[in-house]
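# Notes for the structure review
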Amino acid sequence: MAEAKAYADKKKTEYHSELVVDLPKLAKFLTWFPKRKFSLNHDELNQAAYKILPEEQFPVLAQFLQGSTFDTKAAMREFYLKSSRLFALYLRPIVLTVPFVFYKEKNEVIALIDLIKKHYGSGKDPSTLILPEALKDAISRTQLAYLKKKSSEEQVDPHLFECFVYHKMMLKK
């Protein structure tokens, strides 16, 4: 978790550094645009505009001007996505071997661990892991969105799901 926070902090610093560099370019563009040659054709206009401010910076600066801030949770999710396979590979053997119990009956963490044990214990591949609807209800919508590589996907990413379960295990100790 500390590494994810450090990764997000680094990404946030990079994000703000890029904005600081590009704001003067935006000012230059905004000064140039009303005074541009109106005889420029579409391609010439684009070429001149993107020479001042690269095309890929327009959306970033527009979001900034609209008040959007850096999404720390998304950066942390990116870190978890990049490192989730390693977490799963190191922790999966422990989860499959150790008989976990919890003092409360019907605890959602134990249900999630049991799902992982049943799935991998039967020799199935991570890509075939399907989260039952009953267990989806135990995970908040916000958390569920971060368990997918893309928010538009229906199914959770198995490695991100495992990381989520391991994280919940640590919080319940």
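Residues numbered from 1 in each chain as written. Predicted model: local features only at pLDDT ≥ 70, side-chain atom pairs only at ≥ 80, totals over all residues. Heavy atoms only, no water.

Along the polypeptide, Glu 14 turns up in helix α1 (residues 2-35). On the basis of relative accessible area, Glu 14 is assigned to the partly exposed category, the value being 32%. Sequence-wise, Glu 14 and Phe 87 are 73 residues apart; in three dimensions their C-alpha atoms are separated by 26 Å. (Helix = DSSP H or I, 4+ residues; strand = E, 2+ residues; numbered from the N terminus. Buried < 20%, exposed > 50% of the residue type's maximum accessible area, 1.4 Å probe, protein only.)

Glancing now at a nonpolar patch on the surface. Judged by side-chain polarity, Leu 23, Phe 64 and Leu 65 come together as a nonpolar surface patch covering roughly 260 Å² of accessible area. Looking at the secondary structure, you find Leu 23 in helix α1. For Leu 23, a relative accessible area of 32% corresponds to the partly exposed category. (Patch = residues over 30% accessible without salt bridge, like charges linked within 9 Å, V, L, I, M, F, W, Y side chains within 5 Å. Areas by Shrake-Rupley, 256 points an atom, 1.4 Å probe, with all protein chains shown as cover. Salt bridge = Lys/Arg side-chain N within 4 Å of Asp/Glu carboxyl O.)

Packing of α1 against helix α2 (residues 42-52) leaves a shortest axis separation of 8 Å and a crossing angle of 145°. Only Leu 45, Ala 48, Ala 49 and Ile 52 of α2 make contact with α1, whose side of the interface consists of Lys 25, Lys 28, Phe 29, Trp 32 and Phe 33. (Axes fitted to C-alpha atoms, helices over the stretch in contact; angles between N-to-C directions. Contact = heavy atoms within 4.5 Å.)

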